[in-house]
Amino acid sequence: MTTAVVIFGISYFLIATGRIPHVLIAVLGAISMVFLGVMTEHEALSHVNLEVVLLLAGMMSLANVFARTGAFEWAAIKAAQVVRGDGFLTLCLLCVITAVASAFLDNVTVVVLAVPITLSICRMLDVQPIPFLLAQVFASNIGGVSTIVADPPNIIIAAEADIGFLDFMLNAGPVGIAGMLVLIGMLYLWFRKSTVTTEESRATVMQRNAAAAITDFVLLKKCIVVFTFTVVGFLVHDLLHVGPAFVAVASATVLILISRIDPHEVLEQVEWTTLAFFVGLFILVGGLEETGVTVIVREWLVDVSGGSDRNLAFLLIWFGGVTSAIVDNVPFTATMVEVVRGVSNDDLGISPLWWALALGADLGGNATIVGASANVIVVNLARARGHSISFLHFFRYGAVISALTLLLSTAYLWLRYF
């Protein structure tokens, strides 16, 4: 147990500091668990959740093919034109587009696609892009609350708790919608003056031919058809007796086949480092489970909550929110699912504790740059293009959004489940 805790603690610390690539730390930590005798190879591999890995790979492939059509750029230009180049309203519409896209594609992929498009729109409007980038990353994490495929913590939770797509959306979706309303209200207070546009910039946007952004209409039609069947597959996967992971992989395979794109081109764009990070993380957490550490954490949480499911749910929201602000919410979630699984009584239906864990991890991640994978990616992409966002600058806005949405989540759980 001591060896497992030391390996996990060192790995967690190094992941939090971000000085060494996360994937290397996770894999080295996983290997150390085996080489130092914490568990056998077979035990280590038994903790790798292939459903999570396959679901992420499938959704990344779908998003990659979809991006080739130019549909995301068309939507951004069209949004700016609908509001006639008004800076703040463009900001709001881009946030809504990002949130909706993040609900049905993984939000990491969405922000990778969105950042270059957003910077292009900001150049046309002649406005500072940082408010737009901050707003979009907050929207991606809030929108990512709504479905099992949207955010890596949700994928882990749904796979471990066997929660279906529709159940997850009906229970967590209302928080995503309400959270977006809160976000837009705060954006109005913060950025309405800094997003004012000139007559010349508005005219430039209105003259832009949005249709020209679509590079392949035939491929776009194929993507829409396949993606529609994908969403339907997610909704009825219980009837099909097929998990969301296989729905996503099947859809990606069919789309690559009918679009006649070289599979190597698509697979090259899959974030294999992210998938390897998940594999290493599962094994790291597996070491804690095999040695009984998760049992100790579970008993501590139950003691602190006084045995009350309501208190435990609130504790999970805020403990998860604060922890996810300090370190990436993925390793936190991977650790806590083992704890929640031990205290939740799913025989009476899906325990509200799962929603508490998901909401805390997803929304707490908005507080800091290192809180969620999407945050890190947006900040790095912005810096590479000459727009630096400091830790304190991000925290100034992210901490407020995180606190407000965590309060909203607490009230929601209390009113709906307790």
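Residues numbered from 1 in each chain as written. Predicted model: local features only at pLDDT ≥ 70, side-chain atom pairs only at ≥ 80, totals over all residues. Heavy atoms only, no water.

### Examining the overall build of the protein
Inclusion rule: Each helix is a run of H or I in the DSSP string that is no shorter than four residues. Each strand is a run of E no shorter than two, and both are numbered from the N terminus. Only C-alpha atoms enter the radius of gyration; for comparison, a globular chain is expected to reach 2.2 Å times N to the power 0.38, where N is the number of residues. Classification of residues uses two cut-offs on accessible area relative to the type maximum, computed with a 1.4 Å probe and protein chains only: under 20% is buried, over 50% is exposed, and between them is partly exposed. Residue contacts follow a heavy-atom distance rule, with two residues in contact if any of their heavy atoms lie within 4.5 Å.
Scanning the protein from terminus to terminus reveals 22 helices and zero strands. The C-alpha radius of gyration computed for the protein amounts to 21 Å, which stays within 12% of the reference 22 Å derived for 418 residues, consistent with globular compactness. Seen through its principal axes, the protein has C-alpha atoms that stretch 65 × 50 × 40 Å. Going through the 418 residues of the protein one by one, you find that 56% of them count as buried. Pairs at least 24 residues apart make up 81% of the contacts formed inside the protein by residues separated by at least 6 positions.

### Here we look at the environment of G280
Looking at the secondary structure, you find G280 in helix α16 (residues 272–290). Classification of G280 as buried rests on a relative accessible area of 3%. For the pair G280 and I317, spaced 37 residues apart in the sequence, the C-alpha separation amounts to 25 Å. Not counting chain neighbours up to four residues away, the residues in contact with G280 comprise A26, V27 and A30.

### Looking at the state of the cysteines
In protein chemistry, a disulfide is the covalent bond that joins the sulfur atoms of two cysteines. We apply this condition: Cysteine sulfur atoms are paired as a disulfide whenever they fall within 2.5 Å.
Taken as a whole and assessed by the stated rule, the structure comprises zero disulfides. In this structure C95 is not part of a disulfide, and its nearest cysteine sulfur, from C92, lies 6.5 Å away.

### Re the side chain of Q81
Residue placement: Q81 occurs in helix α5 (residues 71–82). Exposure remark for Q81: the relative accessible area of 13% places this residue in the buried category. Those residues in contact with Q81 that sit more than four places away from it in its chain are V205, M206, R208 and A210.

### Thoughts on the environment of F13
Note on placement: F13 falls in helix α1 (residues 2–17). In this structure the C-alpha to C-alpha distance between F13 and E268, which are 255 residues apart in sequence, comes to 30 Å.

### With respect to the packing of aromatic side chains
What counts here: Note on ring pairs: Phe, Tyr and Trp rings are taken, using the six-membered ring of Trp, and paired if centres are within 6.5 Å. Classes follow the plane angle, with under 30 degrees stacked, over 60 edge-to-face and the rest tilted. Placement of a positive charge over a ring is assigned whenever Lys NZ or Arg CZ falls within 6 Å of the ring centre and within 35 degrees of the normal to the ring plane.
This structure, assessed with the given rule, holds nine aromatic pairs. On the basis of an interplanar angle of 85° and a centroid distance of 5.3 Å, the ring pair of F168 and W355 is categorised as edge-to-face. Taken together, the residues span a long stretch of sequence, with F168 in helix α10 (residues 165–191) and W355 in helix α20 (residues 352–364) at a distance of 187 residues. For F168, a relative accessible area of 0% gives the class buried. You can call W355 buried: its relative accessible area is 2%. Following the ring pairs from residue to residue traces out a cluster consisting of W190, F191 and Y397. Taking NZ or CZ as reference, R192 lies 4.7 Å from the ring centre of Y188, over its face.

### Some words on the environment of L220
Topologically, L220 is positioned in helix α12 (residues 217–235). When the C-alpha positions of L220 and Q81 are compared, they lie 21 Å apart, and in sequence the two are 139 residues distant. Leave out the neighbours within four places in its chain, and L220 touches F66, T69, A71 and I214.

### Some points on the pattern of salt bridges
Short version of the rule: Counted as salt bridges are all cases of a side-chain nitrogen of Lys or Arg within 4 Å of a carboxyl oxygen of Asp or Glu.
The full count for this structure, using the stated rule, is two salt bridges. Of the charged contacts in the structure, one is a salt bridge between R68 and E265, with a shortest N-O distance of 3.4 Å. Separated by 197 residues along the polypeptide, R68 in the loop between α4 (50–67) and α5 and E265 in helix α15 (residues 263–269) bring together distant segments of the chain. Residue R68 is classed as partly exposed on the basis of its relative accessible area of 30%. What makes E265 partly exposed here is its relative accessible area of 37%.

### Things to note about the side chain of T405
To keep it simple, the criterion reads: Pairing of N or O atoms within 3.5 Å defines a polar contact, subject to two protein rules: one partner must be a possible hydrogen donor and the other a possible acceptor, and residues neighboring in sequence count only if both atoms are side-chain atoms.
Checked against the element boundaries, T405 lands in helix α22 (residues 391–417). What makes T405 buried here is its relative accessible area of 1%. Polar contacts involving the side chain of T405 include one to the main-chain carbonyl oxygen of I401, which spans 2.8 Å. Apart from the residues lying within four places of it in its own chain, the contact partners of T405 are I142, G179 and L363.

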